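Below, each chain spelled out in residue letters.
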Amino acid sequence: MTRVQLTRTGILRMALGGGAADPLLPAEGGGGRRAPFLLRALRIAAVVCLYWFISIAMVFLNKYLLDSPSLRLDAPLFVTFFQCALTAALCLGLSLGAACGPPCPGLPALRLDPKVSRSVLPLSAIFIGMVTSNNLCLKHVGVAFYNVGRSLTTVFNVLLSYLLLKQTTSVYALLACGVIIGGFWLGIDQEGAEGTLSWTGIFFGISASLCVSLNAIYTKKVLPVVDGSIWRLTFYNNVNACVLFFPLMMLLGEFRTLYHFDKLGSPSFWGMMTLGGVFGFAIGYVTGLQIKFTSPLTHNVSGTAKACAQTVLAVIYFEETKSFLWWASNLMVLGGSFAYTWVKGLEMRKVQEDPNVKSSERNETGV
């Protein structure tokens, strides 16, 4: 699907979409009676609205931190580093809180093991590429074009699944990918016609799409190193990222930029930075909530609709005027993403309902 909601959440989404329960999410069912329809509908609506709010607010907030004329902070790696550090701190804080309170087997105690950290390091390098490319894409393109700029995630999913996992894709799914690619190129053409095209932003958008796909594949391989705990993996990934960001920031001269930054002592600046980090962490939680109260397919549909709303809000907020073909490119990307999600959902349902399909084949279809 075309939304990578920024960034660190791909790992959390992958775990919460199936498998072990998330300790922070409310327990389902049990022996009690099922909630009335109206109550369940209101709960689902509240969760979807919360997901939309946090996801859209996070993109606008990151755009402000990365490319605001009033802020004038040219240090994208520092912004990403701070958010990774805050995510690691929040994971550790939740772990300590669980240790002091009632037992919570799904939220294990966190401690830094150098051996595990080294084993997670290759994935952390991909993770750094993912979060950095996402933020650099957002820095160089407008919020309205951001969704199209990173729209090739689905295409890379199909390509890498074939190259690395030897999984084939149906003709209908490939046609949906073709629509996405067509919308991507049409969007580039229209951005160029309006004089707002940034090839740097396009490069980082493509890089982000590739890294998101690689991150999903290698996360599954690395999970056994952390005993299958998504919280441990999130913690180690962000700790490793903080360490690796230091030489990168030094190489690109961001420490010098921060030294001359006139708002470095401003409480409002640090408040915005902290809020951005909290939103970056929270998006994984609300993604899990949405999947839990609906389904993975409904979550993907909701993400597509959210991307559409985000684009419209960005055009209105920044008072932009877009051509018919520009809107057509967005509709092609969103429509292709929706079609791909729908096709894969039908294929997975067919596989699950077929008693002759082996369990290994079912897992491959669901990747």
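Everything in this summary refers to the structure shown in the same document. What you see is a predicted model; the values in this text were computed from it and never measured. (Residues numbered from 1 in each chain as written. Predicted model: local features only at pLDDT ≥ 70, side-chain atom pairs only at ≥ 80, totals over all residues. Heavy atoms only, no water.)

We now examine the overall build of the protein. When helices and strands are counted, the protein shows 14 helices and zero strands. Listing each helix as α and each strand as β along the protein from the N terminus yields α-α-α-α-α-α-α-α-α-α-α-α-α-α. Buried residues in the protein amount to 49% of all 367 residues. Here the contacts in the protein between residues at least 6 apart in sequence split such that 83% fall between residues at least 24 apart. Surface summary for the protein: the accessible area is close to 17,600 Å², and the carbon and sulfur share equals 67%. (Helix = DSSP H or I, 4+ residues; strand = E, 2+ residues; numbered from the N terminus. Buried < 20%, exposed > 50% of the residue type's maximum accessible area, 1.4 Å probe, protein only. Contact = heavy atoms within 4.5 Å. Areas by Shrake-Rupley, 256 points an atom, 1.4 Å probe, with all protein chains shown as cover.)

With that out of the way, let us pick up the packing of helix α12 (residues 296–317) against helix α13 (residues 324–353). Two elements in contact, α12 and α13, have axes whose closest approach is 9 Å; the angle formed by their N-to-C orientations is 170°. Judged by the angle between their axes, α12 and α13 are roughly antiparallel. Counting all contacts with α12, which are made through Leu 297, Asn 300, Val 301, Thr 304, Ala 307, Cys 308, Thr 311, Val 312 and Val 315, the residues of α13 involved are Trp 326, Trp 327, Asn 330, Leu 334, Ser 337, Phe 338, Thr 341 and Trp 342. When the residues that make up the contact of α12 with α13 are grouped by side-chain class, the tally is 11 nonpolar, six polar and no charged. (Axes fitted to C-alpha atoms, helices over the stretch in contact; angles between N-to-C directions. Parallel < 35°, antiparallel > 145°, perpendicular 65-115°, else oblique. Nonpolar A, V, L, I, M, F, W, Y, C, P; charged D, E, K, R; others polar.)

A few words on the side chain of Asn 330. Secondary-structure assignment places Asn 330 in helix α13. At 3.1 Å, the side chain of Asn 330 forms a polar contact with the backbone oxygen of Trp 326. Not counting chain neighbours up to four residues away, the residues in contact with Asn 330 comprise Ala 144, Val 148 and Thr 311. (Polar contact = N/O pair within 3.5 Å; in protein donor to acceptor, adjacent residues only side chain to side chain.)

A few words now on the pattern of salt bridges. Tallied over the entire structure, the rule returns nine salt bridges. Put simply, Asp 262 and Arg 72 hold a salt bridge, and the shortest N to O gap is 3.5 Å. Remark: Arg 72 occurs in the loop between α2 (37–67) and α3 (76–100) and Asp 262 occurs in the loop between α10 (254–259) and α11 (267–293); sequence separation between them is 190 residues. The partner of Asp 227 in a salt bridge is Arg 232, with the nearest N and O atoms 3.7 Å apart. The exposure class of Asp 227 is exposed, given its relative accessible area of 64%. If you follow the salt bridges from partner to partner, you end up with Glu 191, Glu 194, Glu 320 and Lys 322 in one network. (Salt bridge = Lys/Arg side-chain N within 4 Å of Asp/Glu carboxyl O.)

Moving on: the nonpolar core. In terms of nonpolar packing, the biggest core is built from 55 residues, with Leu 73, Phe 78, Phe 145, Phe 245, Phe 269 and Met 273 touching the most fellow members. Discounting chain neighbours no more than four positions away, the residues touching Phe 145 are Gly 187, Ile 188, Glu 191, Ile 202 and Trp 326. Residues Val 120, Ile 230, Leu 233 and Phe 235 belong to the second largest nonpolar core, which totals 16 residues. (Core = buried A, V, L, I, M, F, W, Y, C linked by side-chain atoms within 4.5 Å.)

Before going further, it helps to examine the packing of aromatic side chains. Enumeration over the complete set of coordinates arrives at 17 aromatic pairs. Judged by centre distance (6.2 Å) and plane angle (5°), the ring pair of Phe 60 and Phe 318 falls under stacked. Residue Phe 60 is found in helix α2, and its partner Phe 318 is found in the loop between α12 and α13; the two are separated by 258 residues along the sequence. Since its relative accessible area comes to 36%, Phe 318 is described here as partly exposed. Centre to centre, the rings of Phe 184 and Trp 185 are 5.7 Å apart; their planes meet at 70°, and the pair counts as edge-to-face. For Phe 184, a relative accessible area of 1% gives the class buried. Directly above the ring of Tyr 146 sits Arg 150, whose terminal nitrogen or CZ lies 4.1 Å from the centroid. (Phe/Tyr/Trp six-rings, centres within 6.5 Å; stacked < 30°, edge-to-face > 60°. Lys NZ or Arg CZ within 6 Å of the ring centre and 35° of its normal.)

Another aspect to go through is the packing of α2 against helix α4 (residues 114–140). Closest axis-to-axis distance for the α2/α4 pair is 9 Å, and the angle between their directions is 75°. By the angle class used here, α2 and α4 are roughly perpendicular. Here Val 59, Asn 62, Lys 63, Leu 66 and Asp 67 of α2 come into contact with α4, specifically with Asn 135, Leu 138 and Lys 139. Looking at the contact of α2 with α4 residue by residue, the class counts come to three nonpolar, two polar and three charged.

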